[in-house]
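Residue-level listing of the chains:
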Amino acid sequence: MNAAEHTHRTDRVVVVIPARGGSKGVPLKNLRPVAGRSLVARAVDAARAAALVTDVLVSTDHAGIAREAVAAGARIVERPDELSGDTASSESAVLHALDTLAANGQPQPTITVLLQCTSPFIDPADLDEAIRRVLVGSADVSFSAVEDHGFLWTRDTAGNVLAVGHEAAHRPRRQDRAPQYRETGAFYAMRTSGLRACRHRFFGTIDILEVPAWTAPEIDTLEDLQAVSELAARRAHAAGSAALLDVDALVTDFDGVHTDDAAYVSQDGTETVRVNRGDGLGVSRLTRAGVPLLILSTEVNPVVSARAAKLGVPVLHGIADKAGALREWMREHRLDPRRVAYLGNDVNDLPALRLVGWPLAVADARPEVLAEARLTLAASGGHGAVREACERVLAGRAAAQAAPSGTPFSHVHPGAAPAPELHTSPVATATA
């Protein structure tokens, strides 16, 4: 074993994720979902998935964020009020977390990583590479950045416009310019001794870890959150075309899921809807395999119950409180919510989507639903979405049954952490 390998195996690497509750631009931003996973949970997922990370701490002043972080598998450092205001630096939260560890008799880690919730697309492999560079002595600090070819300008105190990093009269081609890099703000791997001495994230030998541009978005506004949610939905669709659903039950909305959300109204006021025959075949195959399927709808029109009767599945319609009805149905059928999929398309599905382990969205769902969805289907509502969901569930069951005896099958979304060990006290998690 060489020195670098030994270092990788024995040194402690602590990730600190600052996640205060007082965000102004987007209230409680760190609890907002992207592709069905809150920003703080996504940050914890990325840190826990990095092979070189030994500890993941979330520094927060908010009880809801603390609960979410613990559920994702992190330990909590309670952030004091004086370090939770708008002017508090990220470094202050990181140094406080290190002080908390030291006060509880834990040794100083070799590497400390500042990781930000506002960057939802962190690749654990990139995080590992930044840590490795510091561990082996190539740098004291390694941070994520993207190559940037933009021409920057500024104004001086008198209002004059000035070129930054280039000559205004000289416009070289992109390929002729020396590369410049922009911080993504996602993560900074730092030698802990240098961080403590300098009390700032940049010191000593500084290294840039170039990461793919698509991983670089930061969320500071609601518009940023919307754009990132749409990007996540597109990437989940591209990467998840063959994703399997290892679940015990499927629940669906009706309008916009079994239908294309259109209604045909005759002169006497009678409404009819368009459905997909392929959906019926998928439902038939699923129920024959013994997987429960429920249609859950707010629609009062008897067309919902007529379609359910045609499919031979139970239905609850005219339901104002879909989350309450779903919770009761799962309780009656002794279903683990983590092993239930719910397929929706519109904002009235959001409370139900948040109850289950597999929130699904049809391809043409509302942006708010796409943000909540763990998986966005390829098909739109009324155009085979139900059939697609059924086929994914059947494929998941087949894969689970084919797995070697004693090997648990779990096909989870990219970056998802394993089920965490729950702690009884957020304070205890910082000292465990």
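Residues numbered from 1 in each chain as written. Predicted model: local features only at pLDDT ≥ 70, side-chain atom pairs only at ≥ 80, totals over all residues. Heavy atoms only, no water.

## Quick look at the overall build of the protein chain
Looking only at helices and strands, one finds 14 helices and 19 strands in the protein chain. Across the 432 residues in the protein chain, those meeting the buried criterion constitute 47%. Within the protein chain, contacts between residues separated by at least 24 positions form 67% of all contacts whose residues are at least 6 apart in sequence. Counting only carbon and sulfur atoms, one obtains 51% of the accessible surface of the protein chain, whose full area is about 20,200 Å². (Helix = DSSP H or I, 4+ residues; strand = E, 2+ residues; numbered from the N terminus. Buried < 20%, exposed > 50% of the residue type's maximum accessible area, 1.4 Å probe, protein only. Contact = heavy atoms within 4.5 Å. Areas by Shrake-Rupley, 256 points an atom, 1.4 Å probe, with all protein chains shown as cover.)

## Let's talk about the sheet that holds strand β4 (residues 55-60)
If you walk across this open sheet you meet the 7 strands as β5-β4-β1-β6-β10-β7-β11, and the pairing is mixed. In this open sheet, the two edge strands, each paired with only one partner strand, are β5 (75-78) and β11 (206-210). Sheet twist, expressed as the mean angle between neighbouring strand axes with direction ignored, is 30°. Here β4 runs beside β5; their pairing, made up of 4 bridges, is parallel. Across the sheet, residue S59 finds its bridge partner in β5, namely V77. Across the sheet, helix α2 (residues 39-49) is in contact with β1 (13-18), β4 and β6 (111-115); its angle to β4 comes to roughly 160°. Its contacts with the sheet put helix α5 (residues 124-135) on β1, β6, β7 (141-148), β10 (180-191) and β11, and the angle it makes with β10 is roughly 60°. (Pairing = 2+ DSSP bridges. Axes fitted to C-alpha atoms, helices over the stretch in contact; angles between N-to-C directions.)

## Details of unusual backbone geometry
The residue D261 is not glycine, and still its phi comes out positive at about 75°. Take D261: it is sitting in the loop between β12 (249-252) and β13 (264-265). The exposure class of D261 is partly exposed, given its relative accessible area of 46%. Residues other than glycine seldom take positive phi values, yet R334 does so here, at roughly 55°.

## Focus on helix α10 (residues 322-332)
Among the residues of α10, K322, A323, A325, L326, W329 and M330 are the ones counted as buried. All buried residues of α10 project into a common sector of 165° when viewed along the axis, lining one side. Among the exposed residues of α10, those pointing more than 90 degrees away from its buried face are R331 and E332. Where α10 is buried, its residues touch β12, β15 (293-296), β16 (315-316), β17 (340-344) and α11 (350-353). R334, located one to two residues past α10, shows a positive phi value of around 55°. (Arc of directions from axis to C-beta.)

## Digging into the confidence of the model for the protein chain
Averaged over all residues, the pLDDT of the protein chain equals 86, while 88% of them reach at least 70. The low-confidence segment residues 1-7 (pLDDT under 50) makes 4 contacts with residues lying over four places distant or belonging to another chain. The low-confidence segment residues 407-432 (pLDDT under 50) makes 45 contacts with residues lying over four places distant or belonging to another chain. (pLDDT = per-residue confidence, 0-100.)

## Concerning the pairing of β15
Burial along β15 is two-sided: the residues L293 and I295 and L294 and L296 are all buried. As defined by bridge partners, β12 adjoins β15 across 3 bridges and the pair is classed as parallel. In the strand pairing of β15, L250 is matched with L293. With 2 bridges connecting them, β15 and β16 associate as parallel partners. Among the inter-strand pairings, L296 is bridged to a residue of β16, identified as L316. Taking the sense of rotation as the criterion, the β-α-β connection linking β15, helix α9 (residues 303-311) and β16 turns out right-handed. (Right-handed = clockwise from strand over helix to strand, strands pointing away.)

## Quick notes on the sheet that holds β17
Strands sit in the order β16-β15-β12-β17-β18-β19 across an open sheet of 6 strands; the sheet is parallel. Where the open sheet ends on each side, the last strands, each with one partner, are β16 and β19 (375-376).

## Quick look at the pairing of strand β8 (residues 152-155)
Here β8 runs beside strand β9 (residues 161-164); their pairing, made up of 4 bridges, is antiparallel. Bridge pairing in β9 places L152 opposite V164. Counted along the chain from β8 to the antiparallel partner β9, the turn is 5 residues long, and its residue G159 has a positive phi close to 90°.

## Structural notes on the packing of helix α8 (residues 277-288) against helix α13 (residues 385-402)
It is the contact of α8 with α13, at a shortest axis distance of 7 Å, that shows an interaxial angle of 25°. The angle between α8 and α13 places the two elements in the roughly parallel class. Helix-helix and strand crossings are classified by hand; for α8 and α13 the assignment is left-handed. Along its contact with α8, which presents G278, D279, L281, G282, V283, R285 and L286, the element α13 presents A385, V386, R387, C390, E391, V393 and L394. (Parallel < 35°, antiparallel > 145°, perpendicular 65-115°, else oblique. Left-handed = near helix turned anticlockwise from the far one by under 90°.)

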